[in-house]
Amino acid sequence: MKKLIITLIWVAVLVAMVVTNPKKAAHNEAIAVEYKEALQKKVGLLSLLAGQKTLEKVVDSTVEVSDYVLVSVGRYTSRDDMSSVVSVGLFNHVFVFSKDDIMEEMGRALGM
């Protein structure tokens, strides 16, 4: 009986992971918010508002999201075709890792 309960709990967790796996839009939004806050500290609010659409375009064009059924992983691809993980989606939440490469790319795109 105890093994059955443990198995049911694991099945429930796995089903929850599949159902709540974040999609590309959630990754792009989380990454844009994270880097918008960092840019705001760096360049100020007025400059950030002028570059908001550019920021969203840079994130959309440079971040690719791979869906692995239980989790999703966002990878940033630089101009040199170097790829690095910038986000991991799990249970309807996207965890963003701070990467200097993507900040530099966004800075170039925003003319900084």
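As a reminder, the structure under discussion sits directly above these lines.
Basis of the calculations
- Residues numbered from 1 in each chain as written.
- Predicted model: local features only at pLDDT ≥ 70, side-chain atom pairs only at ≥ 80, totals over all residues.
- Heavy atoms only, no water.
- Helix = DSSP H or I, 4+ residues; strand = E, 2+ residues; numbered from the N terminus.
- Buried < 20%, exposed > 50% of the residue type's maximum accessible area, 1.4 Å probe, protein only.
- Areas by Shrake-Rupley, 256 points an atom, 1.4 Å probe, with all protein chains shown as cover.
- Pairing = 2+ DSSP bridges.
- Axes fitted to C-alpha atoms, helices over the stretch in contact; angles between N-to-C directions.

Caption draft 1: Just the overall build of the chain, in detail. Tallying secondary structure elements over the chain gives five helices and four strands in all. Put simply, the chain runs from its N terminus to its C terminus through helices and strands in the order α-α-α-α-β-β-β-β-α. Taking all 112 residues of the chain together, the buried fraction comes to 30%. Carbon together with sulfur atoms contributes 62% to the accessible area of the chain, which is approximately 7400 Å² in total.

Caption draft 2: Here's a closer look at the sheet that holds strand E4 (residues 93-96). Strand order in this open sheet of four strands is E1-E2-E3-E4, and the pairing throughout is antiparallel. Bordering the open sheet on either side are strand E1 (63-67) and E4, each of which pairs with just one other strand. Adjacent strand axes in the sheet meet at a mean angle of 25 degrees, parallel and antiparallel pairs treated alike. Examined bridge by bridge, strand E3 (residues 83-90) and E4 share four bridges and lie antiparallel to one another. Each residue of the ladder has a partner; that of Val88, found in E4, is Phe95.

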